[in-house]
Amino acid sequence: MNLFISRFRQSNVLAVLVLAVLVLVVAVLVAAPAAQATPGNGTYMRYVHGSQPINGGLYLYNNWSYSGISMTAGSGTGPNWNNPCVYNEGHLPEGWYSTNAPYHHKNNLDNSEIKGRVWYLNDKAQPSCPTHIRTGLFVHTEETKTMGQDCPTEGDDKFCWESAAWDYRSAGCVKVSHPNNGFPDSIGVLDTWWSNQGGGHGVAYSNMLCVVHPGTCVGP
Amino acid sequence: MSRWTPELAAEGEAMGFRRGWVLLVLVAVGVAGCAVPGLVGPYAEPPGAGSPPDGAASSTTSRVTAGEIRIVEGVLADDLGVAPAGFTVEEGALSVGGRTVRLAHPPMDALAGGLVPEVVPTFDGSAVYYTMWESWEGLDGLEPGEIGGVPVIRRVEVATGADEVFRRGSYAAAVSVDGRVGYVEDLDGAYRYSVPNPTRVRVALPDGSADQVWSTGDDLRYVTVGWAGGALLAYQVLEGEYPVTFAFYGPGESRLLSDGGVVVAISPDGSKALLVEPGAIADKTHFVVVDPTDGSVLASADFSTPLGPVQGTYAGDWVGDRIVVGPGAGDGDRYPYVFGFAILTYREGSLSLERFVTLDEVSGMVSLTSPRFTPEGNVWLQVTVVMTGSDSEVWNCWEAVCDPESGSCQAVTLARDGGEFAPVVDNWSGGGRP
């Protein structure tokens, strides 16, 4: 009887040990891809222009593979939206972007024109107009500092996502929707994806956004 | 010294100017999407519908002409006329007041992003100011905070050809009728990559003396636009390239003219400025005529066409009672954007749409910029076309002149892939053009 109990205890201990090792292995396996896919290391947003400034697409890549996550996004405004040499109207110049100081990625920006969840980007010029430097560019939505909505008028409010026609357009930034008025929570999905891939706040990440005409992003 | 006028520009050295175009087309000095010029010129007004004198907004529907751009070889037909202010041509030569001026360096856009001209003649035609870069090697490989280049304003004496530094670490010269030079000075003396590059608005006499700071604060970025009489207009550029337009009157004296708006054109007497603003409805642009001396709204209007709302932006032109505005119409949603230009008229507190000409005929066209009236009343403009090959893109810049009645345009190549053309725009005001 004692022998039986002793063997039972031994096998129990063994089982616990095996289980612990399994848990550890699983934890390592689960954690490893996130570590490898830190934004900028093959994990990036890819913006592709549409036929109009309001119907581009933002595609999310993990470790150089499409994650299956995409969202409608916009950049540029007015008839000149498709020329990135045109300041205040054209979409972002093409190429790779890094997050930029002082904000990098921030969830509670409180500027006069742009608030809430943002990715602040480096300066960039289209190769065809190298001295037309575009500055102060973001990936963002229209929301308040606390990720809410401020919609005081019937018209287009700066911190309110009212409509596709109004709000995907920008002076040069990339904009995605806020879950107001039944729109998809694209900014939330983007922020969650960023966090899940190890993206932090206020930290520099190189090559976290690629802007292209329809086509692929070749590694930087 | 002869006074610089469009007529003089078209005469005298005009032949040389045109020979320059021919050479340019033949030699095809490389590059780039067109430089995007700035604005400003004179103004006017017509009969018909428009906004009431109290400034209340109105919306009008007007006739649309379907224009067509025809590419021609060599030069444009003589009877179409040329832009009253031209572009630097072969080897940096340009025509000012009947004289050919050669610039010692290629003009280049500094940090104004095309919002303002790169080359500015003085009102009397005696000098030219232009912006160029020293130590410019592009942005590639720069780390945030590293110097990317030093913008420099140079001054050229037309009579002697003397070409000297006016201000280093500065850009966006704007010359008033009385010769005062407004400009912005980078507080750090150079462009630093991917960090804020705040500027001060300064005003100096032509010899550089009596240089005063007119703006306040050391953490803002301004870009000087042009003079409306004694008021120096400037943009404060916020993050997201958001513009705020101010009028400066002296050291520490300024007034907000528009939050989010940009300047389309300034009246020839400097008493009015046409601005275009996002408007309460974001798919429309809102046109506003303001008095720069007190910021009061003299007229305002939105304009609709069967192709959607008229869209306006900076770098239009105002001659007599007519104002030409680009780059087209549409809202990017129900009405896809189309390229074209609108001719507005301003008279006695009323702003109205005379006609809209659409030019959405060219494959690969990505922008229409800087529409300006020719002395013949036609419309000169710049068009950028991207030709996509199997694995590359070529950005070509055309100049086109359009007859607004028929919509018929002729276009020639201004620059092919590799070259950048610097706009020369008269941004003085007050009797500049009738």
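Residues numbered from 1 in each chain as written. Chains lettered and ligands numbered in written order. Predicted model: local features only at pLDDT ≥ 70, side-chain atom pairs only at ≥ 80, totals over all residues. Heavy atoms only, no water.

Visitor: Residues and numbers for the confidence of the model for chain B, please.
Guide: All names here are of chain B. Per-residue confidence for chain B gives a mean pLDDT of 78, with 73% of residues at or over 70. Below a pLDDT of 50 lies the segment residues 35–59, which in the model reaches 139 contacts outside its immediate sequence neighbourhood of four places, other chains included. Scoring of the predicted complex yields 0.83 for pTM and 0.81 for ipTM. (pLDDT = per-residue confidence, 0-100. Contact = heavy atoms within 4.5 Å.)

Visitor: So, unusual backbone geometry: which residues are in play, and what are the values?
Guide: A cis amide bond links Ala101 of chain A to the next residue, Pro102 of chain A, at an omega of 5°. Mapped onto the elements, Pro102 of chain A comes out in the loop between β4 (95–97) and β5 (105–110). Cis geometry is found at the peptide bond from Gly326 of chain B to Pro327 of chain B, where omega equals 10°. On the secondary structure map, Pro327 of chain B appears in strand β26 (residues 327–329). Despite not being glycine, Asn88 of chain A has its phi angle at roughly 70°, a positive value. Looking at the element boundaries, Asn88 of chain A is found in the loop between β3 (65–74) and β4. The buried category is assigned to Asn88 of chain A, whose relative accessible area is 14%. The phi dihedral of Ala210 of chain B falls on the positive side, at around 55°, and the residue is not glycine. Here Ala210 of chain B is to be found in the loop between β13 (199–204) and β14 (212–213). (Helix = DSSP H or I, 4+ residues; strand = E, 2+ residues; numbered from the N terminus. Buried < 20%, exposed > 50% of the residue type's maximum accessible area, 1.4 Å probe, protein only.)

Visitor: Lay out the sheet that holds β5 of chain A in plain terms, naming residues and giving numbers.
Guide: Residues and elements named next belong to chain A. Spatial ordering of the open sheet is given by β4-β9-β1-β2-β3-β8-β7-β6-β5, a layout of nine strands whose pairing is mixed. Each edge of the sheet is formed by a strand with only one pairing partner; in this case those strands are β4 and β5. Strand after strand, the sheet turns through a mean of 35° between neighbouring axes, direction not considered. Of the strands in this sheet, β1 (44–48), β2 (56–62), β3, β5, β6 (115–120), β7 (138–140) and β8 (174–176) touch helix α3 (residues 186–196), which is tilted by about 50° from β6. (Pairing = 2+ DSSP bridges. Axes fitted to C-alpha atoms, helices over the stretch in contact; angles between N-to-C directions.)

Visitor: Please provide a residue-by-residue account of the pairing of β3 of chain A, values included.
Guide: Residues and elements named next belong to chain A. Taken together, the six bridges between β2 and β3 define a ladder with antiparallel strand orientation. Considered in β3, the bridge of Asn62 is made with Ser65. Taken together, β2 and the strand that follows it, β3, pair antiparallel across an intervening segment of two residues, in which Asn63 is found at a positive phi of about 55°. Relative to β8, β3 runs antiparallel, the two being bridged by two bridges. Across the sheet, Ala73 pairs through a bridge with Val176, a residue of β8.

Visitor: Provide a residue-level description of the interface of chain A and chain B, including the pertinent values.
Guide: Counting residues at the interface gives 49 residues for chain A, matched by 58 residues for chain B. Together, Pro79, Tyr87 and Thr131 of chain A form the three largest contributors to the area buried by chain A at its contact with chain B, with a combined 19%. Across the chain A-chain B interface, the total number found is two salt bridges. Notably, a salt bridge pairs Lys158 of chain A with Asp259 of chain B, separated by 3.9 Å at the nearest N-O pair. Taken together, the connections running from chain A to chain B amount to 20 residue pairs in polar contact (both at pLDDT 80 or more). Looking at side-chain class alone, the side of chain A that touches chain B contains 22 nonpolar, 19 polar and eight charged residues. (Buried area = accessible area lost by both parts, 1.4 Å probe. Salt bridge = Lys/Arg side-chain N within 4 Å of Asp/Glu carboxyl O. Polar contact = N/O pair within 3.5 Å; in protein donor to acceptor, adjacent residues only side chain to side chain. Nonpolar A, V, L, I, M, F, W, Y, C, P; charged D, E, K, R; others polar.)

Visitor: Can you lay out the state of the cysteines for me, pointing to particular residues and giving the numbers?
Guide: Per the stated rule, a full pass over the model turns up four disulfides over all chains. Shown here is the disulfide that connects Cys151 of chain A with Cys160 of chain A, its sulfur atoms set 2.0 Å apart. Classification of the bridge connecting Cys151 of chain A and Cys160 of chain A rests on its S-S torsion, roughly 95°, and on that basis the disulfide is right-handed. The class for Cys151 of chain A is partly exposed, based on a relative accessible area of 37%. Given the relative accessible area of 2%, Cys160 of chain A is considered buried. Sulfur-sulfur distance for the disulfide between Cys402 of chain B and Cys409 of chain B comes to 2.1 Å. On the sign convention where negative means left-handed, the S-S torsion of about 105° between Cys402 of chain B and Cys409 of chain B marks this disulfide as right-handed. As far as burial versus exposure is concerned, Cys402 of chain B and Cys409 of chain B are alike and both buried. With cysteine numbering restricted to those in disulfides and following the sequence, chain A has the pairing 1-2, 3-4, 5-6. Here Cys173 of chain A is not disulfide-linked; the sulfur of Cys129 of chain A is the nearest cysteine sulfur, at 17 Å. (Disulfide = S-S within 2.5 Å.)

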